[in-house]
Amino acid sequence: MEMKKILWPTDFSKSAAAALPYVNSLTKKFDAEIHVLYVIEDIARHAPWYGEFGKEHVDKLLEWEEETAHKHLDDICMRHLEGCRLYIKHVAVGDPAEQILKFIEKEKVDLVIMAKHGRKAHFAFGSVADKVVKHSPVPVVTIPVEKE
């Protein structure tokens, strides 16, 4: 079995970081690329809170979120993924599970490694991980984590 591309979706939570030892180990074992993906939830698709936000305001919020995401990804890659052959950082906007599944298809990922729940989870098995496991065309390794 060949593993050329491994996807690690992260929401920058402590839970997501629990997958890092597995990401590092499997990446080194298979000499694979690591694709690190952060998905910004598209706030424009939600009902307005406390009044209407104009498109310009939403665009500014998304721009700030993307800049922040790139800084976090740079930090993670420098501190935790330095020993890996190749890592590639990605930021997407939309529903996290949908974007992860689209990414798997688009990038021809061979394996997904992710925590069972992230920063929003209140259940033992998060809705994003659940959707990815149920609909992924490739194997998904889920890492059990303690609630934050």
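Residues numbered from 1 in each chain as written. Predicted model: local features only at pLDDT ≥ 70, side-chain atom pairs only at ≥ 80, totals over all residues. Heavy atoms only, no water.

**Student:** Looking at this model, I keep getting lost on the confidence of the model for the protein chain. Mind explaining?
**Tutor:** Regions with low pLDDT should not have their predicted coordinates read in detail. Averaged over every residue, the pLDDT of the protein chain is 82; the share at 70 or more is 79%. Low confidence marks residues 121-125, where pLDDT is under 50. Its contacts with residues over four positions away, or in another chain, come to 9 contacts. (pLDDT = per-residue confidence, 0-100. Contact = heavy atoms within 4.5 Å.)

**Student:** What is the right way to look at the environment of Tyr38 in this model?
**Tutor:** The residue Tyr38 is located in strand S2 (residues 33-40) in this model. Tyr38 gets classed as buried once you look at its relative accessible area, which sits at 3%. Sequence separation of Tyr38 and Asp11 is 27 residues, and the distance between their C-alpha atoms is 6.0 Å. (Helix = DSSP H or I, 4+ residues; strand = E, 2+ residues; numbered from the N terminus. Buried < 20%, exposed > 50% of the residue type's maximum accessible area, 1.4 Å probe, protein only.)

**Student:** What should I look at first to understand the nonpolar core in this one?
**Tutor:** Generally speaking, nonpolar side chains in soluble globular proteins are found buried as a group. Of all hydrophobic cores here, the largest spans 21 residues; its most connected members are Trp8, Val23, Val36, Leu81 and Ile113. Of all the elements in the fold, those that place two or more residues in this core are strand S1 (5-9), helix H2 (20-30), S2, helix H3 (55-80) and strand S4 (111-115). If you tally residues by element for this core, the top one is H3, at 6 residues. With sequence-adjacent residues up to four places away left out, Val23 is seen in contact with Trp8, Ile34, Leu81 and Ile113. (Core = buried A, V, L, I, M, F, W, Y, C linked by side-chain atoms within 4.5 Å.)

**Student:** Can you walk me through the packing of helix H4 (residues 96-107) against helix H5 (residues 127-135) in this structure?
**Tutor:** Think of two packed helices as two axes; the pair is described by the angle between the axes and how far apart they sit. For the pair H4 and H5, interaxial distance at closest approach is 8 Å and the crossing angle is 35°. Our pair here, H4 against H5, has a crossing hand that is right-handed. Touching Pro96, Ala97, Ile100 and Leu101 of H4 are Val128, Lys131, Val132 and His135, all from H5. Looking at the contact of H4 with H5 residue by residue, the class counts come to 6 nonpolar, 1 polar and 1 charged. (Axes fitted to C-alpha atoms, helices over the stretch in contact; angles between N-to-C directions. Left-handed = near helix turned anticlockwise from the far one by under 90°. Nonpolar A, V, L, I, M, F, W, Y, C, P; charged D, E, K, R; others polar.)

**Student:** Would you mind showing me how to read the sheet that holds S1 here?
**Tutor:** Strand pairing within a sheet occurs via backbone hydrogen bonds; the two strands may be parallel or antiparallel. If you walk across this open sheet you meet the 5 strands as S3-S2-S1-S4-S5, and the pairing is parallel. Pairing within the sheet leaves two strands with one partner each, and these edge strands are strand S3 (86-93) and strand S5 (140-143). Ignoring strand direction, the axes of neighbouring strands in this sheet form an average angle of 20°. Looking at chain direction, S2 and S3 are connected through 8 bridges and run parallel. Paired with Tyr38 across the two strands is Val91, which belongs to S3. Along the sheet, H4 contacts S1, S2, S3 and S4; its crossing angle with S2, the most-contacted strand, is approximately 150°. Packed onto the sheet, H5 meets S4 and S5 and runs at close to 160° relative to S4. (Pairing = 2+ DSSP bridges.)

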